[in-house]
Protein chains: 2
Amino acid sequence: MTDHLKEETIHTEGIYKGRIIDLEKHTVRLPNGSESKREIVRHPGAVGVICVRNGKLILVYQFRKALGKVIAEIPAGKLDEGESPEICAARELEEETGIKAGSCKFLCSFYTSPGFADELVHIYIADELESGHKSADEDEFVEVVEVSLDEAAAFIQDGTIHDAKTMYAVQYLQLQQK
Amino acid sequence: MTDHLKEETIHTEGIYKGRIIDLEKHTVRLPNGSESKREIVRHPGAVGVICVRNGKLILVYQFRKALGKVIAEIPAGKLDEGESPEICAARELEEETGIKAGSCKFLCSFYTSPGFADELVHIYIADELESGHKSADEDEFVEVVEVSLDEAAAFIQDGTIHDAKTMYAVQYLQLQQK
């Protein structure tokens, strides 16, 4: 039905192959026949985990170099090669917070920046919580903080929570509460 | 309070300067003193517009080369140099849908991919709607579709709506309705 909006690939140029992302430049044929360029970031995909314990949402403070500041996010991380999002969700939650989830239920997935990147984030809800072992990656420094929904709303107001997946998660919990 | 999580920049290398995004590689000093690399995409920022007319949410179908498929999104676009997000919101809405908004009210902003990009999306709510002039960019092909909230929920289920800002917008409207 929307096939007439498609762009055909004429040429793909690899610009950069990195540790986490790759950059490509595509020459495309537009629906009107003319040519254009598209800059595209390839990303392995990621998970975000909504974990509520004793009525508090579990967040982690993390310095984000791209933003130059620390923000509080739901536990999250990128997929290892060949790893299923469900396994990744439980792994990242335990690594970053020390909370072990007996089950992680899929909620939804979304592309974060469809204009220039293929990053797909899968959101899971952690359940059957017990104590596990915190063991962040060697180049990852995070600190756990637990907030009520009111505190989360205040974090959004003051910019402590400032990313799409965490603001989506807070909205999701507000919707459940109503 | 969270200053001890900060990473110091040791070196910044420009990898690519593009039409929409730039890519940099930062060498950083981690909190534990060791070094690591961060790949960072620079983006000018963008807006997304929640526009409800006669009880229907206004979306646009657009082919996203990064995803290789058409998805339905709230009207959106990147900031022109020096442009305020509020002006950009009204401009993008009119260009993509032909709807002119007498006012655009700021709702929130979020970073889409804090792990590797500085893209900040500002969400506005369009009001005082009247007819304007559709005039998409020369390399942008979009098609308007109007959906009820139930139809939007079905679009999320079948993957027609599949990006963070639009899923945030749908949840926001669901929350208003309750």
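Conventions and cut-offs
- Residues numbered from 1 in each chain as written.
- Chains lettered and ligands numbered in written order.
- Predicted model: local features only at pLDDT ≥ 70, side-chain atom pairs only at ≥ 80, totals over all residues.
- Heavy atoms only, no water.
- Contact = heavy atoms within 4.5 Å.
- Buried area = accessible area lost by both parts, 1.4 Å probe.
- Salt bridge = Lys/Arg side-chain N within 4 Å of Asp/Glu carboxyl O.
- Polar contact = N/O pair within 3.5 Å; in protein donor to acceptor, adjacent residues only side chain to side chain.
- Helix = DSSP H or I, 4+ residues; strand = E, 2+ residues; numbered from the N terminus.
- Nonpolar A, V, L, I, M, F, W, Y, C, P; charged D, E, K, R; others polar.
- Domains from an automatic or database assignment.
- 1 Å grid on protein atoms, 1.4 Å probe; cavity = no way out; pocket = protein on both sides within 12 Å on 5 of 7 lines; lining within 4 Å.
- Points joined across faces, edges and corners; volume = space filled by probe spheres on them.
- Axes fitted to C-alpha atoms, helices over the stretch in contact; angles between N-to-C directions.
- Left-handed = near helix turned anticlockwise from the far one by under 90°.
- Pairing = 2+ DSSP bridges.
- Buried < 20%, exposed > 50% of the residue type's maximum accessible area, 1.4 Å probe, protein only.
- Arc of directions from axis to C-beta.
- Least-squares fit on C-alpha atoms with pLDDT ≥ 70 in both.
- Core = buried A, V, L, I, M, F, W, Y, C linked by side-chain atoms within 4.5 Å.

> Talk me through the interface of chain B and chain A; I want residue IDs and the actual numbers.
In this complex, chain B contributes 68 residues to the contact, which on the side of chain A involves 68 residues. Where chain B abuts chain A, roughly 6100 Å² becomes buried across the two surfaces, and 65% of that area is made up of carbon and sulfur atoms. Residue A:R38 is joined to B:D139 by a salt bridge in which the shortest nitrogen-to-oxygen separation is 3.3 Å. Our count for the contact surface shared by chain B and chain A stands at 33 residue pairs in polar contact (both at pLDDT 80 or more). Elements with a contribution of two residues or more to the side of chain B that touches chain A: β1 (8-17), β2 (22-29), β3 (35-42), β6 (56-64), β7 (69-73), β9 (99-111), β11 (142-147) and α3 (164-177) of chain B. At eight residues, α3(B) tops the list of elements feeding residues into the side of chain B that touches chain A. A per-class count over the side of chain B that touches chain A returns 32 nonpolar, 16 polar and 20 charged.

> Summarise the domain arrangement of chain A; cite the residues concerned and give the values.
Residue and element names in this part refer to chain A. Looking at chain A, the domain boundaries give domain 1 (3-42) and domain 2 (46-177). Domain 1 and domain 2 are separated by 30 Å when their C-alpha centres are compared. At the interface, six residues of domain 1 touch five residues of domain 2. Surface buried jointly by domain 1 and domain 2 totals about 430 Å² across both partners, of which 46% is contributed by carbon and sulfur atoms. The largest contributions to the domain 1 side of the interface with domain 2 come from I20, V41 and R42, which together make up 67% of the buried area.

> Describe in detail empty space enclosed by the protein, supporting the description with residues and values.
Scanning all chains against the criterion turns up one cavity of 30 Å³ or more. Space inside the largest cavity adds up to approximately 40 Å³. Around the largest cavity sit A:L5, A:E7, A:R38, B:Q62, B:F63, B:D139, B:E140 and B:F141, which together line it.

> Pulling in residues and values, what's your account of the packing of helix α2 (residues 149-158) of chain B against α3(B)?
Residues and elements named next belong to chain B. Between α2 and α3, the least distance of the axes is 11 Å, while the angle of their chain directions is 145°. When you trace α2 past α3, the crossing you get is left-handed. Where α2 abuts α3, its residues L149, A152, A153 and I156 lie against M167, V170, L173, Q174 and Q177. Along the lines of polarity and charge, the residues of the contact of α2 with α3 split into seven nonpolar, two polar and no charged.

> Kindly report on the sheet that holds β9(B), identifying the contributing residues and their values.
Sheet strands pair via backbone hydrogen bonds, and the direction of the pair is either parallel or antiparallel. All names here are of chain B. Ordered in space as β8-β4-β10-β9, the four strands form an open sheet in which the pairing is mixed. Two strands bound the open sheet, and with one partner strand each, they are β8 (76-78) and β9. Pairs of neighbouring strands in the sheet enclose a mean axial angle of 25°, with direction left out of account. Together, β4 (46-50), β8, β9 and β10 (120-131) form the strand contacts of helix α1 (residues 85-97), whose direction differs from that of β9 by roughly 120°. Contacting β4, β8, β9 and β10, α3 runs over the sheet at an angle of about 105° to β9.

> Explain helix α2 (residues 149-158) of chain A residue by residue, including any values.
All names here are of chain A. Along α2, the positions that sit buried rather than exposed are L149, A152 and F155. Taken around the axis of α2, the buried residues stretch over an arc of 110°, which confines them to a single face. Those residues of α2 that are exposed and angled more than 90 degrees off the buried face are D150, Q157 and D158. Contacts made by the buried residues of α2 are with β6 (56-64), β7 (69-73), β11 (142-147) and α3 (164-177).

> Quick one: what's the story with the relation of the copies chain B and chain A, residue by residue and with numbers?
Between chain B and chain A, which share one sequence, the superposing operator has a rotation angle of 180° and an axial displacement of 0.0 Å; the RMSD is 0.0 Å. Those values place the two copies in the arrangement expected of a two-fold rotation axis. Here 100% of the contact residues of chain B are again contact residues in chain A; the copies associate through an equivalent surface.

> I'd like to hear about the nonpolar core, residue by residue, with values.
The biggest cluster of nonpolar side chains holds 56 residues, and the ones touching the most others in it are A:I50, A:L59, B:I50 and B:L59. B:L59 has contacts with B:A72, B:E73, B:I74, B:E143, B:V144, B:V145, B:V147, B:F155, B:I161 and B:T166, leaving out every residue within four places of it along the chain.

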